[in-house]
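# Summary of the model geometry
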Amino acid sequence: MSRVSLMNIYNHHIAQKYVKRAGLAHAISTAYHAFRFATERGVNPDLAVKAAFLHDIGHYTWYKNGQWDYDLYKENDIHAIKGAERAHKLLIRLGENPVAAKEIALAILLHTDSYLPQRDIARKPLQEVVAIADEQDEEPGGTHHYREISEDKAKKMLEKLDDKIVKYMQISKNDTHPIL
């Protein structure tokens, strides 16, 4: 089974629609943070980066009187639930290993506790990496979802991150303590 790359994911029409809706610049930035945190913590960076890139794929917008209403969104948010399902289905369609697709979906589900009444999630390492990567890129009032990035720059950054993952995985096969 060949690796499903970030570019494979990005080029799929589902990702085009929903990742862009939630904020492409934020998704890419969060993926880069996830790579760094994953390699520092001994977590599989391929899974972490995919989960981070897709973590907000379940977002939808909440408007009131034609204006984005962040408070309404926070009150009614279930994007992690919707996103986990949407990402799992997308990854399986692209040929991702089913166990990996499930782990990625669970990391997306647990990247936030905003939909839980108690807000106290016990996360596994992959899930924690995705959560802290998202937190690292957040801006007040959800403005991180509206940062702009050109199509060309987005593709270049995703290709570069795909290359970093492949290199890391190759080094990891030969060395128990890879350094990049």
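The structure we're discussing is the one just above.
A brief look at the structure comes next.

Thresholds, definitions, all that
- Here, residues in each chain are numbered from 1, in the same order as that chain's written sequence.
- Per-residue local features of the predicted model are confined to residues with pLDDT of at least 70, and side-chain atom pairs are confined, for both listing and counting, to 80 or more; whole-chain, interface and lining totals are unaffected and use all residues.
- Heavy atoms from the whole structure form the basis of all side-chain values; hydrogens and water molecules are not counted.
- Secondary structure elements are defined from DSSP: runs of H or I of at least 4 residues count as helices, runs of E of at least 2 residues count as strands, and each element is numbered from the N terminus.
- When a residue's accessible area, from a 1.4 Å probe over protein chains only, is under 20% of the maximum for its type it is buried; when over 50% it is exposed; and in between it is partly exposed.
- The contact rule is simple, with two residues in contact once any of their heavy atoms fall within 4.5 Å.
- Method for areas: the Shrake-Rupley scheme with a 1.4 Å probe, in which residue coverage is limited to the protein chains shown.
- In protein, a polar contact means a hydrogen-donor-capable atom and an acceptor-capable atom, both N or O and within 3.5 Å, with residues adjacent in sequence counting only if both atoms are side-chain atoms; elsewhere, any N or O pair within 3.5 Å suffices.
- A pair of aromatic rings is counted whenever rings of Phe, Tyr or Trp (Trp by its six-membered ring) have centres within 6.5 Å, and the orientation is called stacked for planes under 30 degrees apart, edge-to-face for over 60 and tilted otherwise.
- Put simply, a charge is over a ring when the Lys NZ or the Arg CZ is close to the ring centre, within 6 Å, and near the line of the ring normal, within 35 degrees.
- Grouping buried Ala, Val, Leu, Ile, Met, Phe, Trp, Tyr and Cys residues that are joined through side-chain atoms within 4.5 Å yields what is termed a nonpolar core.
- What the arc describes is the spread of directions from the helix axis to the C-beta atoms.

Within the protein, the secondary structure is distributed over nine helices and two strands. Written out in order from the N terminus, the α and β elements of the protein read α-α-α-α-β-β-α-α-α-α-α. A burial count over the protein gives 46% of its 180 residues as buried. Once local pairs closer than 6 in sequence are excluded, the contacts in the protein between residues at least 24 apart make up 69%. On the protein, roughly 9,600 Å² of surface is accessible, and the fraction owed to carbon and sulfur atoms is 51%.

The next thing to look at is the environment of K153. With respect to the secondary-structure elements, K153 resides in helix α9 (residues 151-174). A relative accessible area of 49% means that K153 is categorised as partly exposed. The sequence separation of K153 and A25 amounts to 128 residues, and the corresponding C-alpha distance is 9.6 Å.

Secondary-structure assignment places H55 in the loop between α4 (45-54) and β1 (63-64). Given the relative accessible area of 0%, H55 is considered buried. A distance of 3.0 Å separates a polar atom in the side chain of H55 from a polar atom in the side chain of H26. Here A52 takes part through its backbone oxygen, which lies 2.5 Å from a polar atom of the side chain of H55. The residues touching H55, leaving out its near neighbours within four places in the chain, are H26, T30, H79, I108, H111, V130 and D134.

Summed over the entire model, instances satisfying the criterion amount to one aromatic pair. Ring geometry for F35 and Y168: centres 6.1 Å apart, planes at 80°, overall edge-to-face. Here F35 is found in helix α3 (residues 24-41), whereas its partner Y168 is found in helix α9, with 133 residues between them in sequence. Just above the ring of F37 sits the side chain of R36; from NZ or CZ to the centre is 4.4 Å.

Here the focus is the nonpolar core. If you look at soluble globular proteins, the nonpolar side chains tend to sit buried side by side. Counting 46 residues, the largest nonpolar core has I9, V19, F53, L54 and I57 as the members making the most contacts within it. When residues of this core are traced back to their parent elements, those giving at least two are α1 (6-11), α2 (13-22), α3, α4, α6 (79-94), α7 (98-109), α8 (125-137) and α9. Here this core gets eight residues from one element, more than from any other, and that element is α3. The contact partners of V19, leaving out residues within four places of it in the chain, are I14, L24, A27, F53, L54 and I57.

Right, let's get into α2. Buried within α2 are the following residues: I14, A15, Y18, V19 and A22. Within α2, the buried residues cover an arc of 95° as seen down the axis, which keeps them to one side. Turning to α2, the residues buried within the fold contact α1, α3, α4 and α6. Of the residues flanking the end of α2, it is G23, one or two places downstream, whose phi is positive at about 120°.

Another point: the environment of L54. Structurally, L54 can be placed in helix α4. In this structure, the C-alpha to C-alpha distance between L54 and Y10, residues 44 residues apart in sequence, is 9.5 Å. Beyond its immediate stretch of four places on either side in the chain, L54 contacts I9, V19, A87, L90, L91 and I108.

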